[in-house]
Amino acid sequence: MSAAGASGPPEGLPDGSPEGSAGGAPEAAKPGRPKAVSLEAILSAATEIADDRGLDAVSFRVLGDRLGVSPMAIHRTTGGIEALRHTMVSEVVGRVTRSIVWPDDWQGVVRVFAEELRALLMRHPLVLEAHRRAALDAPGADAVAHRVAGALRTAGLDEERAAYAYAAVHDFVTGHVAIRLGRGELEHYDASPERQVASVFARYHDYAERFRQGLELLITGIESTIAEGRPAGPAGRPRGRA
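Residues numbered from 1 in each chain as written. Predicted model: local features only at pLDDT ≥ 70, side-chain atom pairs only at ≥ 80, totals over all residues. Heavy atoms only, no water.

J.: Can you tell me about the side chain of H124, naming the residues and giving the values?
T.: In this fold, H124 is placed in the loop between α5 (106-123) and α6 (125-133). If near-sequence neighbours (up to four positions away) are discounted, H124 is found in contact with T47, D51, V92 and R95. (Helix = DSSP H or I, 4+ residues; strand = E, 2+ residues; numbered from the N terminus. Contact = heavy atoms within 4.5 Å.)

Structure follows, in structure tokens:
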């Protein structure tokens, strides 16, 4: 990741790239263009572009055209394309984590976590894309995970089981959202009549209900494990039952 003011071509503006001029130098500001732009304006535009077209669509040239400034002006404000993408994800995730109101019961904590995560990923697909590439390094993300795992430990799970229970809910939500975003809302109904009849979802194809019932099944399974009081054994295998 380059920093603003570093020597050499700025990140996102390599020699010969479409971000620069024909000679490889960063494009100069065109007549009438402002020379500076606020980070807030850049983040807002970049978020819209990434949600609509993906993280890789965010470039200095695209942002410059959107905001009416030169690509170099974007670079000076952000410090590099990777720095911009990281800041963009951090801002989106941070806003959500700061706004969560947590209940006292562990079931409520799990439900709030699942519902807030689903809403975040549906509203900002860029977060799901970033999460596919690497673990989220964003304000509050780790605190949320520890909050959920801590509630599960308080309920009676040992540390290992609590971590894997959190992971099960997390993976359920991200998988659910990935399918919805990838296939679209009308995926089942756009299929041929023969395929619709053959599908297990022929009579039950409601994404909201799939999410609700899937989450309740996970919570029921966690409740059962807590009630049985079975800690995890070596390599995560339950003790006390073959």
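J.: Could you give me a rundown of the environment of R210, with the residues and numbers involved?
T.: Here R210 is to be found in helix α10 (residues 207-228). On the accessibility criterion, R210 (26% relative accessible area) is partly exposed. Sequence separation between R210 and H176 is 34 residues, and the spatial gap between their C-alpha atoms is 8.7 Å. (Buried < 20%, exposed > 50% of the residue type's maximum accessible area, 1.4 Å probe, protein only.)

J.: An account of helix α4 (residues 81-99) is requested, with residue identities and associated values reported.
T.: For α4, spanning 19 residues, the distance from its first C-alpha to its last is 28 Å, which sits close to the expected 27 Å at 1.5 Å a residue. Of all the residues in α4, the buried ones are I81, A83, L84, R85, M88, V89, S90, V92, V93, G94, V96 and T97. Looking at the buried side of α4, the elements it contacts are α1 (39-53), α2 (60-67), α3 (71-78), α5, α6 and α7 (141-155). (Expected span 1.5 Å × (residues − 1).)

J.: Which residues make up the packing of aromatic side chains, and what values go with them?
T.: This model, assessed by the stated rule, comprises two aromatic pairs. With 5.2 Å between their ring centres and 35 degrees between their planes, F113 and Y166 make a pair best called tilted. Within this pair, whereas F113 is found in helix α5, its partner Y166 is found in helix α8 (residues 159-183), the two being separated by 53 residues in sequence. The same class applies to F113 and to Y166, which are both buried. (Phe/Tyr/Trp six-rings, centres within 6.5 Å; stacked < 30°, edge-to-face > 60°.)

J.: An account of the nonpolar core is requested, with residue identities and associated values reported.
T.: Across soluble globular proteins, nonpolar side chains have a tendency to be buried as a group. Ranked by size, the top nonpolar core spans 56 residues in total, and within it V58, L63 and L152 carry the most contacts. If you tally residues by element for this core, the top one is α5, at nine residues. In this structure, L152 is in contact with W106, V110, L157, A162, A165, Y166 and I222, ignoring residues within four places of it in sequence. (Core = buried A, V, L, I, M, F, W, Y, C linked by side-chain atoms within 4.5 Å.)

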